[in-house]
Amino acid sequence: MPTVVIASPKGGAGKSTTAVILGTEFAHAGANVTMMDCDPNGSLTLWSERGTLPERIEVVSGLREGEIIRAIKAHDQDGRIVVVDLEGVASRLVSRAISQADLVIIPMRATTLDATIGVRALQLIEEEAEALERDIPHAVVFTMTRAIQSKQHKGIVGSLKEQGVDVIEPELMERAAFSALFEFGGDLYSMPGQGNADKAIENAQGFAKAVFARLAGEQGA
Amino acid sequence: MTDFKINVGALRSRRKDVEPERIKAVDRVSEDLGFTSREASAKRGRKPSPRTGQVHAKVFPNVAAEIADEARRRGVQQGVIIEEAWALYKEKSGV
């Protein structure tokens, strides 16, 4: 089964939120999901301890660079989708996890700083693909976006697309329900109402469907 | 709200590279881009000795000097000489 790695050397880009939304939506849609917490801050682990873990989700915590490859290999053979949440730094752990990915998702806020640092992840994927002599599919998802896009946002999206970078649509918008996942644990269906919950679920499902399409080979970069 | 159901059978996993030489190649290219190890390396320095027992022996000065000289000559601790002497004693006396 495929391994989805959520990577960006930039802290605060929305990696853990993206991982939780993706993992819980996949599980809600019927898949067994292993979520691997490779962030020393343990955001995924904190989420998993906040509330009842949704059905079909298993969380593996505290993986280090010497263990990550074996751990992914062990979990992607037993009919599960593996979602790996990485630390927001440039590290060997990040590069090794990327080497095992069927899809790398790079969350990015629509700011020049996020885009500049996020590009380092794109460069790393390119270099690793060359070293491994195989393609490493990857895509950018914009996080914490607003309904009305700024000029800067449009410019960054346009620039990435011009360079042939796969940009996932829909973007993950700034929603109270997404940040509340880390307050209540569980998923968007189990938490007390937060803001426009239906819109949040629609956004999360749309994102998960777009990722699933890439994993199933229905949509490429 | 859309109805999203996953057909797990539609998913494909790609070949994963786990051979040590492939991983080394990945480590090399990632280091060039600044993605280096951030984990503490193995503890440096001398490993602690497993010899944690002690004997408290008063001996004649010449015996102490001879044990010290022999240990220095062989490059071992004086305790090793005492261990060997004890092993010989056990062998001889059948302890």
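About the thresholds
Residues numbered from 1 in each chain as written. Chains lettered and ligands numbered in written order. Predicted model: local features only at pLDDT ≥ 70, side-chain atom pairs only at ≥ 80, totals over all residues. Heavy atoms only, no water. Helix = DSSP H or I, 4+ residues; strand = E, 2+ residues; numbered from the N terminus. Rg over C-alpha atoms; globule rule 2.2 N^0.38 Å. Buried < 20%, exposed > 50% of the residue type's maximum accessible area, 1.4 Å probe, protein only. Salt bridge = Lys/Arg side-chain N within 4 Å of Asp/Glu carboxyl O. Axes fitted to C-alpha atoms, helices over the stretch in contact; angles between N-to-C directions. Parallel < 35°, antiparallel > 145°, perpendicular 65-115°, else oblique. Left-handed = near helix turned anticlockwise from the far one by under 90°. Contact = heavy atoms within 4.5 Å. Buried area = accessible area lost by both parts, 1.4 Å probe. Pairing = 2+ DSSP bridges. 1 Å grid on protein atoms, 1.4 Å probe; cavity = no way out; pocket = protein on both sides within 12 Å on 5 of 7 lines; lining within 4 Å. Points joined across faces, edges and corners; volume = space filled by probe spheres on them. Nonpolar A, V, L, I, M, F, W, Y, C, P; charged D, E, K, R; others polar. Patch = residues over 30% accessible without salt bridge, like charges linked within 9 Å, V, L, I, M, F, W, Y side chains within 5 Å. Areas by Shrake-Rupley, 256 points an atom, 1.4 Å probe, with all protein chains shown as cover.

Draft legend 1. Highlighting the overall build of chain A. Counting its regular elements, chain A contains 8 helices and 7 strands. Relative to the compact-globule value of 17 Å for 221 residues, chain A shows a C-alpha radius of gyration of 16 Å, a close match. Considering only C-alpha atoms, chain A reaches an extent of 45 × 45 × 35 Å along its principal axes. The burial tally for chain A puts 58% of its 221 residues in the buried class.

Draft legend 2. Looking closely at the pattern of salt bridges. The final tally for this structure, using the stated rule, is 16 salt bridges over all chains. Residue arginine 56 of chain A pairs with glutamate 55 of chain A through a salt bridge whose shortest N-O separation is 3.9 Å. For arginine 56 of chain A, a relative accessible area of 33% gives the class partly exposed. Note on glutamate 55 of chain A: relative accessible area 65%, which makes it exposed. The structure contains a network of salt bridges with shared partners spanning Glu65, Arg92 and Arg96 of chain A together with Asp27 and Glu31 of chain B.

Draft legend 3. Structural detail: the packing of helix 1 (residues 15–28) of chain A against helix 2 (residues 43–50) of chain A. Residue and element names in this part refer to chain A. Contact geometry of helix 1 with helix 2 gives a least axis separation of 9 Å together with a crossing angle of 50°. The pairing of helix 1 with helix 2 is recorded here as oblique in orientation. As for how helix 1 packs across helix 2, the hand of that crossing is right-handed. Here Ser16, Ala19, Val20 and Thr24 of helix 1 come into contact with helix 2, specifically with Ser43, Leu44 and Trp47.

Draft legend 4. Looking closely at the interface of chain B and chain A. Each partner contributes residues to the interface: chain B has 32 residues there, and chain A has 45 residues. For the pair chain B and chain A, the summed buried surface comes to about 3,700 Å²; carbon and sulfur atoms form 60% of the total. On the surface where chain B and chain A come into contact, there are 5 salt bridges. For the salt bridge of aspartate 27 of chain B with arginine 92 of chain A, the shortest nitrogen-to-oxygen distance reads 3.9 Å.

Draft legend 5. Seen up close, the pairing of strand 1 (residues 3–6) of chain A. Residues and elements named next belong to chain A. Burial along strand 1 is two-sided: Thr3 and Val5 facing one way and Val4 and Ile6 facing the other are all buried. The pairing of strand 1 with strand 4 (residues 81–86) spans 4 bridges and is parallel. Within strand 4, the residue paired with valine 4 across the bridge is valine 83. Inspection of the sheet shows strand 1 paired to strand 5 (residues 103–109) by 3 bridges, in the parallel sense. Residue pairing across strands places isoleucine 6 opposite isoleucine 105, the latter belonging to strand 5.

Draft legend 6. Inspection of the layout of surface pockets at higher detail. All names here are of chain B. Its boundaries defined by the atoms lining it, the second largest pocket holds a volume of some 260 Å³. Residue lining of the second largest pocket: Arg51, Gly53, Gln54, Val55, Gln77, Gly79, Ile82 and Glu83, and that is the complete set. Of the residues in the lining of the second largest pocket, the class split is 2 nonpolar, 4 polar and 2 charged.

Draft legend 7. Layout of a nonpolar patch on the surface. Taken together, the side chains of Val59, Phe60 and Val63 of chain B present a nonpolar region at the surface, about 290 Å² in accessible area. As for its position among the elements, valine 63 of chain B is in helix 2 (residues 61–74).

Draft legend 8. The sheet that holds strand 4 of chain A, seen in detail. Residue and element names in this part refer to chain A. Spatially, 3-2-4-1-5-6-7 is the arrangement adopted by the 7 strands of the open sheet, whose pairing is parallel. Sheet topology places strand 3 (57–61) and strand 7 (172–173) at the edges, where each strand pairs with a single neighbour. Set on the sheet, helix 8 (residues 197–215) makes contact with strand 1, strand 5, strand 6 (138–145) and strand 7; between it and strand 5 the angle comes to about 145°.

Draft legend 9. Region of the structure containing the side chain of histidine 153 of chain A. All names here are of chain A. For histidine 153, the location among the structural elements is in helix 6 (residues 151–162). Judged by relative accessible area, histidine 153 falls into the buried class, the value being 3%. Beyond its immediate chain neighbours, meaning those up to four positions away, histidine 153 contacts Ala110, Phe142, Thr145 and Glu171.

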